[in-house]
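# Residue-level structural notes
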2 protein chains.
Amino acid sequence: MPIRATDQIIHKAAWLYYNHGLRQDEVAQKLEISRASIAAYLRRAREMGIVTITTSSELFSDDVLARELEDATGLTTAWIVPEDRQAMDPAAEMPVVAASVFLELIEKGDRIGVAWGRTVYHIADVMPFADLRGVTVVQLCGNLGAPYSYRPDQCTTEIARRLNAEGINFYAPLVLSTERLAEELRGEPVIKEQLATISDCQLALYSVGGIEDDSHLVKCGALSAEDMHALGKNGAAGVIAGQLIDRDGQWVDCAHNRRCISADLDSIRAIKKRMLVVQEDNKFEPLMAALRGGFASHLIVTTSMARRVMERWNREGLGKGAPGAA
Amino acid sequence: MPIRATDQIIHKAAWLYYNHGLRQDEVAQKLEISRASIAAYLRRAREMGIVTITTSSELFSDDVLARELEDATGLTTAWIVPEDRQAMDPAAEMPVVAASVFLELIEKGDRIGVAWGRTVYHIADVMPFADLRGVTVVQLCGNLGAPYSYRPDQCTTEIARRLNAEGINFYAPLVLSTERLAEELRGEPVIKEQLATISDCQLALYSVGGIEDDSHLVKCGALSAEDMHALGKNGAAGVIAGQLIDRDGQWVDCAHNRRCISADLDSIRAIKKRMLVVQEDNKFEPLMAALRGGFASHLIVTTSMARRVMERWNREGLGKGAPGAA
DNA sequence: TCGCATTATTGACTTTTGTCAGCATCAGTG
DNA sequence: CACTGATGCTGACAAAAGTCAATAATGCGA
């Protein structure tokens, strides 16, 4: 894609400022334009990803607890967000860490799967701007028919926009009213093809959902609170890409899952870099289920959550590596 | 390598400033430290490569002339430095473009060969700071015994320092007084081993030397002006990594070359990304020789030089791709 | 071609950042 | 234990960058 004529001047300004280290007034002089415009250009250059500013996220992975967690659970890398008073509030910090790590994990030409949820949306919201043409961001699960603040397509679109990547949305509902219709829709060539490309992803980003009344599926009306309770009694322990998983991270054979249009769990497990981000303390059990199910190779959690995972993992005598991990 | 305790605070400051977008005074407040210190930390963070600021060099490759040059000569990519009045002085611009392109071409874990000369030294001098641990920078040719402003080892070391990469120097002179000694030294295990690793490089950076009286080899005393003249008469057309090449880019069988300790030309040609940077207008013939010899896959030149190359290449009826190109 | 709406540019002002001399701290040394 | 040189921190000031309302330019439909 050639540079648009109007971008040329922005590019030049950014180059002189960031590469040559000229001051804004010097750049303004050189390009025969006001300094105020240069300031505006530079802002745009950053927003367009012409200029990229990255900070190593090593601060969060260089940690004894992170090493221990990796060793115990077989994760490739863990990032630990501290909760001490000197640090940021974890609720604000976690998405920033996640966005930074996510960006670091992307390689040229990658295909990236993005799921949905409050956490993912917040990550999209603080995602730095970059120029990653050649990268493709695909939606991992169907859309929620009802309007909702954190729609799956919004997550995908926003991330793709910020990265200057291609965003591929999924034009199917997440849940249908009958199993038959879901089945038929999954068989539709457009949908089928898109689902088939998911296992080609090199990187996936998601959180794990809870099965409480405040879970997304309930709040979005995909499931009633009663249904969710019942599913919980029958072994459901968490939600991955809109689908219920049991405590071992296995697909639950229930009406809801059968009515879902979303990435096949094995396709997700086939993705090499599976980045799982968990914010809320009350998602401990769902997180354990996701870990047991092999849904994470890269994990971002708070210090306290990391401790709880370590303790439980060791208590259960689970060895290195989760079942189903690639 | 774990973060040094003292770096931790720098890292934190950089994180809060660049990732969370806090102002310096807010960071100062959070870390309970003066704002002036934060300013100092941030500078250090940039110099240490904790924070990296990159600008796309597309401005120079997105150019009709660049496309034509690539198509005609079979280069992978060409970057053209403009000479119009609105742009920077090419003498100042070229090294900045080269440094930026060089950084873009590096991939994780790469081994990089760096030669020597005024151009390479200037590139090293404007190389941005980055955190590329795992990358290795190796010296392509022996050192100049005589003290000189742009010593081969300085180029390697400075680039490695700025990139936070490992620098491997070559502790042998570039030229020895007798062929026999050069031969013996090349046979020494330490030297031999190092020379052997050169073809494992994924990226090389060099310029091409001229054979005029002001050439490096003459100015450093490796060759007398008379010898150089004589070599010129006998077909030498340029210098690559301290060694003379003829107009077709082939190794010249002369006393000087036989007394040289430097990367084997075929080893250099075996490197996938061969980045050639030519500043001076009077290096046209050496550049042509280097191109014919397949010493460039990535080229950085001025507009006028690009035009001359195009014209000559077409006139000579050289097809796509240089002989010897990988 | 005109008028309208939208976008781009700028000068003047405010806020933020960079700098540096002076003070505090600390490790090494006689 | 005092001395010394080096390093690091800070407050106050200077420099640079950010912002915004007013103005100019531009595109576009009628």
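Our structure is the block above this text.
Below is a short write-up of the structure.

### A look at the overall build of chain A
For chain A, the count of helices and strands is 16 helices and 10 strands. For chain A, the C-alpha radius of gyration of 21 Å lies close to 20 Å, the compact-globule estimate for 326 residues. Projected onto its principal axes, the C-alpha coordinates of chain A cover approximately 70 × 50 × 30 Å. By residue count, 56% of the 326 residues in chain A fall in the buried class.

### A few points about the protein's contact with DNA strand C
In the vicinity of DNA strand C, the residues found are Ile-33, Ser-34, Ala-36, Ser-37 and Tyr-41 of chain A together with Tyr-17, Arg-23, Gln-24, Arg-35, Ala-36, Ala-39 and Arg-43 of chain B. The protein-proximal atoms of DNA strand C, defined as those within 4 Å of the protein, are 65% sugar or phosphate. A distance of 2.5 Å separates a phosphate oxygen of DNA strand C from a polar side-chain atom of Gln-24 of chain B. Note that a phosphate oxygen of DNA strand C is positioned 2.4 Å from one of the side-chain N or O atoms of Arg-43 of chain B. Counting residues per element, the surface near DNA strand C draws most heavily on helix α3 (residues 35–47) of chain B, which supplies four residues.

### A short note on the side chain of Asn-257 of chain B
Residues and elements named next belong to chain B. Assignment of secondary structure puts Asn-257 in helix α13 (residues 255–258). A distance of 3.4 Å separates a polar atom in the side chain of Asn-257 from a polar atom in the side chain of His-256. Leaving out residues up to four positions away in the same chain, Asn-257 has contacts with Gln-243, Leu-244, Trp-251 and Val-252.

### As for the relation of the copies chain A and chain B
Of the transformation placing chain A onto chain B, the axial shift is 0.0 Å and the rotation is 180°, giving an RMSD of 0.1 Å. Taken together, the turn and the small shift mark the pair as related by a two-fold rotation axis. Residue Ile-53 of chain A of chain A places its C-alpha closer to the rotation axis than any other residue of that unit, at 2.2 Å. The fraction of interface residues of chain A whose copies in chain B are also interface residues reaches 97%, indicating that both copies meet through the same surface.

### A closer look at a negative patch on the surface
The grouping of Glu-212, Asp-213, Asp-214, Glu-226 and Asp-227 of chain A at the surface amounts to a negative patch. Judged by relative accessible area, which is 47%, Asp-214 of chain A ranks as partly exposed.

### Examining the pairing of strand β10 (residues 298–302) of chain A
Residue and element names in this part refer to chain A. Among the five residues that make up β10, five are buried, leaving the element largely enclosed by the rest of the structure. Judged by which residues are buried, β10 turns out to be covered on both faces: His-298, Ile-300 and Thr-302 on one side and Leu-299 and Val-301 on the other are all buried. Inspection of the sheet shows strand β2 (residues 77–81) paired to β10 by five bridges, in the parallel sense. The residue of β10 that forms the bridge with Ile-80 is Val-301. Following the chain from strand β9 (residues 273–277) across helix α15 (residues 284–292) to the adjacent parallel β10, one finds a crossover that is right-handed.

### A few points about the sheet that holds strand β5 (residues 166–168) of chain A
Residues and elements named next belong to chain A. The seven strands are arranged β2-β10-β9-β6-β3-β4-β5 in an open sheet whose pairing can be described as parallel. Each of the sheet's edge strands pairs with one partner strand only, and the pair in question is β2 and β5. Across the sheet, the mean angle separating the axes of adjacent strands is 20° when strand polarity is ignored. Each of β3 (111–114), β6 (203–206) and β9 touches helix α7 (residues 118–126); the most contacted strand, β6, lies at about 115° to it.

### Let's talk about the packing of helix α7 (residues 118–126) of chain B against helix α8 (residues 152–163) of chain B
Residue and element names in this part refer to chain B. For the pair α7 and α8, the least separation of the axes is 9 Å and the interaxial angle reads 20°. In this view, α7 runs roughly parallel relative to α8, as classed from their interaxial angle. Note on packing geometry: the crossing formed by α7 with α8 is left-handed. From α7, Val-120, Tyr-121, Ala-124, Asp-125 and Val-126 reach across to α8, where they touch Gln-154, Cys-155, Glu-158, Ile-159 and Arg-162.

### Description of the protein's contact with DNA strand D
All residues in the neighbourhood of DNA strand D are listed as Tyr-17, Arg-23, Gln-24, Arg-35, Ala-36, Ala-39 and Arg-43 of chain A together with Ile-33, Ser-34, Ala-36, Ser-37 and Tyr-41 of chain B. Among the atoms of DNA strand D close to the protein, meaning within 4 Å, 68% are from sugar or phosphate groups. Arg-23 of chain A is positioned such that a nitrogen or oxygen atom in its side chain is 2.9 Å from a phosphate oxygen of DNA strand D. Between a phosphate oxygen of DNA strand D and a side-chain N or O atom of Gln-24 of chain A, the distance comes to 2.6 Å. The element that contributes the greatest number of residues to the surface near DNA strand D is helix α3 (residues 35–47) of chain A, accounting for four residues. For the surface near DNA strand D, the class distribution of residues is six nonpolar, three polar and three charged.

### Considerations on the sheet that holds strand β4 (residues 136–139) of chain B
All names here are of chain B. With parallel pairing, seven strands are arranged side by side in an open sheet as β2-β10-β9-β6-β3-β4-β5. Edge strands, defined here as strands with exactly one partner in the open sheet, are β2 (77–81) and β5 (166–168). The average angle at which neighbouring strand axes cross in this sheet is 20°, direction not considered. Pairing analysis gives four bridges linking strand β3 (residues 111–114) to β4, with the strands arranged parallel. Each bridged residue has a counterpart across the sheet, and for Gly-113 the counterpart in β4 is Val-138. Packing against the sheet, helix α6 (residues 90–105) makes contact with β2, β3, β6 (203–206), β9 (273–277) and β10 (298–302), and its axis sits at approximately 165° to β10.

### Observations concerning the interface of chain A and chain B
Across the boundary between the two partners, chain A contributes 39 residues, which contact 40 residues of chain B. Summing the contributions of chain A and of chain B, the shared interface buries around 3,500 Å²; its carbon and sulfur component is 55%. Sorting the residues of chain A by area buried against chain B places Trp-15, Leu-59 and Gln-86 of chain A first, and these three jointly supply 20% of that buried surface. Put simply, chain A and chain B have two salt bridges between them. A salt bridge links Arg-133 of chain B to Glu-58 of chain A; the nearest nitrogen and oxygen atoms lie 2.8 Å apart. Linking chain A to chain B there are 14 residue pairs in polar contact (both at pLDDT 80 or more). Elements with a minimum of two residues in the side of chain A that touches chain B: α1 (5–19), α2 (24–31), β1 (51–55), α4 (58–61) and α6 (90–105) of chain A.

### Details of the packing of α15 of chain A against helix α16 (residues 303–315) of chain A
Residue and element names in this part refer to chain A. Direction vectors running N to C along α15 and α16 enclose 55°, while the axes themselves pass 11 Å from each other. As the angle between them shows, α15 and α16 are arranged oblique. As for how α15 packs across α16, the hand of that crossing is right-handed. Across from Phe-284, Glu-285, Leu-287, Met-288, Leu-291 and Arg-292 in α15, the residues of α16 making contact are Met-305, Arg-308, Val-309, Arg-312 and Trp-313.

Rules and cut-offs
- Residues numbered from 1 in each chain as written.
- Chains lettered and ligands numbered in written order.
- Predicted model: local features only at pLDDT ≥ 70, side-chain atom pairs only at ≥ 80, totals over all residues.
- Heavy atoms only, no water.
- Helix = DSSP H or I, 4+ residues; strand = E, 2+ residues; numbered from the N terminus.
- Rg over C-alpha atoms; globule rule 2.2 N^0.38 Å.
- Buried < 20%, exposed > 50% of the residue type's maximum accessible area, 1.4 Å probe, protein only.
- Near = heavy atom within 4 Å.
- Polar contact = N/O pair within 3.5 Å; in protein donor to acceptor, adjacent residues only side chain to side chain.
- Contact = heavy atoms within 4.5 Å.
- Least-squares fit on C-alpha atoms with pLDDT ≥ 70 in both.
- Patch = residues over 30% accessible without salt bridge, like charges linked within 9 Å, V, L, I, M, F, W, Y side chains within 5 Å.
- Areas by Shrake-Rupley, 256 points an atom, 1.4 Å probe, with all protein chains shown as cover.
- Salt bridge = Lys/Arg side-chain N within 4 Å of Asp/Glu carboxyl O.
- Lys, Arg positive; Asp, Glu negative; His and termini not counted.
- Charge placed at Lys NZ, Arg CZ, Asp CG, Glu CD.
- Pairing = 2+ DSSP bridges.
- Right-handed = clockwise from strand over helix to strand, strands pointing away.
- Axes fitted to C-alpha atoms, helices over the stretch in contact; angles between N-to-C directions.
- Parallel < 35°, antiparallel > 145°, perpendicular 65-115°, else oblique.
- Left-handed = near helix turned anticlockwise from the far one by under 90°.
- Nonpolar A, V, L, I, M, F, W, Y, C, P; charged D, E, K, R; others polar.
- Buried area = accessible area lost by both parts, 1.4 Å probe.

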